[in-house]
Amino acid sequence: MLTVTDLTASYGPVTALDGVSFEAPRGEITAVLGANGAGKTTLLRTISGLVRPTRGTAALAGRDLTRVPTEQMARIGLAHVPEGRGVITQLTVEENLRLGGLGRGSRVKIDDLARAYSLFPILAERRRQSAHVLSGGERQMLVIARALMARPTVLLLDEPSLGLAPRIVVQIFDLLQTLVAADGLTVLLVEQNARSALSIADRGVVLNLGRLVVQDKASALAEDVQLRHAYLGF
Ligand SMILES: Nc1ncnc2c1ncn2[C@@H]1O[C@H](COP(=O)(O)OP(=O)(O)OP(=O)(O)O)[C@@H](O)[C@H]1O
Ligand SMILES: [Mg+2]
């Protein structure tokens, strides 16, 4: 369980996150929704220590993640896949995957590579190719697979569906559900596409201007017509 309490962060005079509190249970996908500028990316960046909170905590097993140095994140079980693709195009697919396993401190295990390839068969086919040749969807699969190489317990995903064809989004979302069920991962899924995110999420939190508007079961949020019109765009 990831417990976020009173989390507050600013960029100079702009308060991007304002007293946000919620819980993301283990083995569940929690969708983080809200319009452009609502503070979704800032929430993930603050949880993973990239932005320093002015107040509040994000605790995993009693440990405040916001104070953990970034280089120790992987070791304590947190993986953050930021907006944008972030693959290293000068390296091959397999080299990118191996990089993901390094932060854990031990050598990259063959098992972890095998698991990545069984989850994403297209990456196995392309393992020796430069990441430069991958499509947008394949790059998104590679960054998720790379994050999983560190065997995280918490996975933060910022807009994984951005710019991808609906068919690919469905494929990636299905896979996320499989992973969560199999590994008991805790996932925070930031999405613009609230409808698809709520279709696979267990819970959802809605942000507006840095504040938490509501948190509830995904099904309850999806059925709330007023909330959908006001904040979710569907
Ligand atoms: N590096 C920054 N410096 C100054 N202000 C920032 C910075 N990053 C974000 N902001 C501001 O903080 C607020 C929240 O931004 P954030 O990127 O967290 O929103 P978001 O919900 O992820 O939006 P989007 O859906 O467009 O990705 C916005 O008002 C934004 O302009
Ligand atoms: Mg964002």
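Owing to the predicted nature of the structure, the values given are computational and were not obtained by experimental measurement.

Enquirer: Can you walk me through the environment of Val-87 in this structure?
Expert: Relative to the assigned elements, Val-87 resides in the loop between strand S6 (78-81) and helix H2 (93-102). Owing to a relative accessible area of 12%, Val-87 belongs among the buried residues under this scheme. Spatially, the C-alpha atoms of Val-87 and Arg-63 are 30 Å apart, while their sequence positions differ by 24 residues. If sequence neighbours within four positions are ignored, Val-87 has contacts with Asn-96, Ala-131, Arg-139, Leu-142, Val-143 and Arg-146.

Enquirer: Even after reading the chapter, I still don't get the sheet that holds strand S9 (residues 203-208), so can you show me in this structure?
Expert: Paired through their backbone hydrogen bonds, the strands of a sheet run either parallel or antiparallel. Strand order across the open sheet formed by six strands is S6-S7-S8-S3-S9-S10, with mixed pairing between neighbours. Among the strands making up the open sheet, the edge pair consists of S6 and strand S10 (211-217). The average angle at which neighbouring strand axes cross in this sheet is 15 degrees, direction not considered. Taken together, the six bridges between S9 and S10 define a ladder with antiparallel strand orientation. Residue pairing across strands places Asn-208 opposite Arg-211, the latter belonging to S10. The sheet contacts of helix H1 (residues 40-47) involve strand S3 (29-33), S6, strand S7 (154-158), strand S8 (186-190) and S9, and relative to S7 the element is tilted by about 150 degrees.

Enquirer: What's the story with the sheet that holds strand S5 (residues 63-64) in this structure? I'm lost.
Expert: An order of S2-S1-S4-S5 is seen for the four strands of this open sheet, with the pairing classed as antiparallel. Of all strands in the sheet, those bounded by a partner on one side alone are strand S2 (14-24) and S5. Here H1 sits on the sheet in contact with strand S1 (2-11), S2 and strand S4 (55-60), set at roughly 110 degrees to S1.

Enquirer: What am I meant to see in the domain arrangement of the protein here?
Expert: For the protein, the domain assignment lists domain 1 (1-41 + 61-77 + 152-234) and domain 2 (85-151). In this structure, domain 1 and domain 2 have C-alpha centres spaced 23 Å apart. If you look at the interface, domain 1 gives 17 residues, while domain 2 gives 16 residues. When domain 1 packs against domain 2, close to 1300 Å² is buried across both sides, 71% of that on carbon and sulfur atoms. Where domain 1 touches domain 2, the interface holds one salt bridge. Close ionic contact of Arg-115 with Asp-183 constitutes a salt bridge, the shortest N to O distance being 2.3 Å. Inspection of the domain 1/domain 2 interface yields one residue pair in polar contact (both at pLDDT 80 or more). Mapped by element, the contributors of at least two residues to the side of domain 1 that touches domain 2 are S7 and helix H6 (166-183). At six residues, H6 tops the list of elements feeding residues into the side of domain 1 that touches domain 2. When the residues that make up the side of domain 1 that touches domain 2 are grouped by side-chain class, the tally is twelve nonpolar, three polar and two charged.

Enquirer: Even after reading the chapter, I still don't get the pattern of salt bridges, so can you show me in this structure?
Expert: Where charged atoms of side chains with opposite charge meet at close range, the side chains can pair. With the rule as written, the count across this model stands at eight salt bridges. As a salt-bridge pair, Arg-67 and Asp-64 come within 3.2 Å of each other at their nearest N and O atoms. Residue Asp-64 is classed as buried on the basis of its relative accessible area of 19%. A salt bridge links Glu-138 to Arg-126, with the shortest nitrogen-to-oxygen separation between them at 3.6 Å. Note that Glu-138 is positioned in helix H5 (residues 136-148) and Arg-126 in the loop between helix H4 (121-125) and H5, a separation of twelve residues in sequence. The class for Glu-138 is buried, based on a relative accessible area of 12%. With relative accessibility at 23%, the residue Arg-126 sits in the partly exposed group. Through salt bridges with shared partners, a single network forms among Glu-94, Arg-98 and Arg-127.

Conventions adopted
Residues numbered from 1 in each chain as written. Chains lettered and ligands numbered in written order. Predicted model: local features only at pLDDT ≥ 70, side-chain atom pairs only at ≥ 80, totals over all residues. Heavy atoms only, no water. Helix = DSSP H or I, 4+ residues; strand = E, 2+ residues; numbered from the N terminus. Buried < 20%, exposed > 50% of the residue type's maximum accessible area, 1.4 Å probe, protein only. Contact = heavy atoms within 4.5 Å. Pairing = 2+ DSSP bridges. Axes fitted to C-alpha atoms, helices over the stretch in contact; angles between N-to-C directions. Domains from an automatic or database assignment. Buried area = accessible area lost by both parts, 1.4 Å probe. Salt bridge = Lys/Arg side-chain N within 4 Å of Asp/Glu carboxyl O. Polar contact = N/O pair within 3.5 Å; in protein donor to acceptor, adjacent residues only side chain to side chain. Nonpolar A, V, L, I, M, F, W, Y, C, P; charged D, E, K, R; others polar.

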